[in-house]
Amino acid sequence: MFFLLNLGMNVLFIYILAALLPAIILMRYIYSKDTYEKEPASLLWSCVLNGVLAALVSIILEMIGTSIVGSFVDQNSETYSIVTAFLVVAVVEEGTKFFFNYRRTWRDPNFNYTFDAIVYSTFTSLGFAAFENIEYVFQYGLSVALPRAVLSVPGHCGFAVVFGYFYGRAKTAELNGDTSGRTANLIAGYVSAVLLHGFYDSCAMINTATSNVLFVIFVVVMYIVIIHLIRKESRDNTYV
């Protein structure tokens, strides 16, 4: 009996580790690139937990959204996949991450460098991705852990880096008294994240030869651009 219990605990540990490790690795990478005034652990943990809250809210909103889309569009069509990917999944998930990230970090006194915006956005997004990954690994098994580790979790991180790029500029604009610049950058960040997320998901959901080729090209190009953007923003990190 003890052996079976111990075996069960070991399996549980492996599943949780497989689900969380990709997000942890990416968090450490982003954190290492924050070269000025490392963010306090309490704030970073708060961002992660807000990402989990965003994931929970997204589940409810996406159920409502897919139900509405399904009542107007044939669920077996490519149109349904595209509309769902962009107008439900991407809009909802990037919207909830935006909301909880903004609510927690925008007025925080630690938000005083442009790269901080990328740190907050990615930690919130990776909290979201980690929770989502646990769901998938426990539902479908370890077979999905590797593909999600190299695709889904880094994808969420990539969308967040792009959003964070504009988020930092929005903060700078506000502190300079540029209200229109603040609004424009926040909108640009959200729309950019939605478009990237929507294209990513629509290719994956359509799952044809053409969409799969587009998906691979998109992922490779996005990863190259994101890594370059992280390095550039870390190097050019400025006080706001």
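Note that this is a predicted model, so its numbers are computed, not measured.

Here we come to the side chain of threonine 122. Here threonine 122 is to be found in helix H4 (residues 114–140). Take threonine 122: its relative accessible area is 0%, and that puts it in the buried class. Each residue touching threonine 122, except ones within four places of it in the same chain, is listed here: Ile30, Cys157, Ala160 and Val161.

This brings us to helix H3 (residues 78–105). Look at H3: 38 Å from first C-alpha to last across 28 residues, which is about the 40 Å you get at 1.5 Å a residue. A bend of about 35 degrees at alanine 85 is the largest found in H3.

Taken as a whole and assessed by the stated rule, the structure comprises 9 salt bridges. Between arginine 182 and glutamate 174 there is a salt bridge whose closest N-O contact spans 2.9 Å. Judged by relative accessible area, which is 17%, arginine 182 ranks as buried. Taken together, the shared-partner salt bridges in this structure form one network comprising Arg169, Lys232, Glu233, Arg235 and Asp236.

This part takes up the packing of aromatic side chains. For any pair of aromatic rings, geometry is given as the distance between the ring centres together with the angle between the planes. Tallied over the full model, the rule gives 18 aromatic pairs. Between phenylalanine 111 and tyrosine 120 the ring centres are 5.4 Å apart and the planes differ by 85 degrees, which places this aromatic pair in the edge-to-face class. When its relative accessible area of 0% is taken as the criterion, tyrosine 120 is described as buried. Here the aromatic cluster, defined as three or more aromatic residues joined through ring pairs, consists of Phe98, Tyr102, Trp106, Phe111, Tyr120, Phe163, Tyr167 and Tyr190. Across the ring face of tyrosine 31, the terminal group of lysine 38 is positioned such that the distance to the ring centre comes to 4.4 Å. Above the face of the tyrosine 165 ring, arginine 169 is positioned so that its terminal group lies 3.8 Å from the ring centre.

Attention now goes to the packing of H3 against helix H5 (residues 145–175). Remark: H3 packs on H5, axes separated minimally by 12 Å, with the N-to-C direction vectors making an angle of 50 degrees. Taken together, the axis directions place H3 and H5 in an arrangement best described as oblique. Crossing geometry of H3 relative to H5 is assigned as right-handed. Every residue of H5 that contacts H3 at Glu93, Glu94, Lys97, Phe98, Asn101, Tyr102 and Thr105 is listed here: His156, Phe159, Phe163 and Tyr167. Taken together, the residues of the contact of H3 with H5 sort by class into 5 nonpolar, 3 polar and 3 charged.

Turning next to the side chain of glutamate 94. When you line up the elements, glutamate 94 lands in helix H3. Of the residues examined, glutamate 94 reaches a relative accessible area of 6% and is grouped as buried. Within the structure, the side chain of glutamate 94 is placed 3.0 Å from the side chain of lysine 97, a separation counted as a polar contact. Among the polar contacts made by the side chain of glutamate 94, one reaches the side chain of histidine 197 at a distance of 2.7 Å. Apart from residues no more than four positions distant in its own chain, glutamate 94 is found in contact with Val89, Phe159, Tyr190, Ala193, Val194 and His197.

Rules used throughout
- Residues numbered from 1 in each chain as written.
- Predicted model: local features only at pLDDT ≥ 70, side-chain atom pairs only at ≥ 80, totals over all residues.
- Heavy atoms only, no water.
- Helix = DSSP H or I, 4+ residues; strand = E, 2+ residues; numbered from the N terminus.
- Buried < 20%, exposed > 50% of the residue type's maximum accessible area, 1.4 Å probe, protein only.
- Contact = heavy atoms within 4.5 Å.
- Expected span 1.5 Å × (residues − 1).
- Bend = angle between axes of the 7 residues up to and from the residue.
- Salt bridge = Lys/Arg side-chain N within 4 Å of Asp/Glu carboxyl O.
- Phe/Tyr/Trp six-rings, centres within 6.5 Å; stacked < 30°, edge-to-face > 60°.
- Lys NZ or Arg CZ within 6 Å of the ring centre and 35° of its normal.
- Axes fitted to C-alpha atoms, helices over the stretch in contact; angles between N-to-C directions.
- Parallel < 35°, antiparallel > 145°, perpendicular 65-115°, else oblique.
- Left-handed = near helix turned anticlockwise from the far one by under 90°.
- Nonpolar A, V, L, I, M, F, W, Y, C, P; charged D, E, K, R; others polar.
- Polar contact = N/O pair within 3.5 Å; in protein donor to acceptor, adjacent residues only side chain to side chain.

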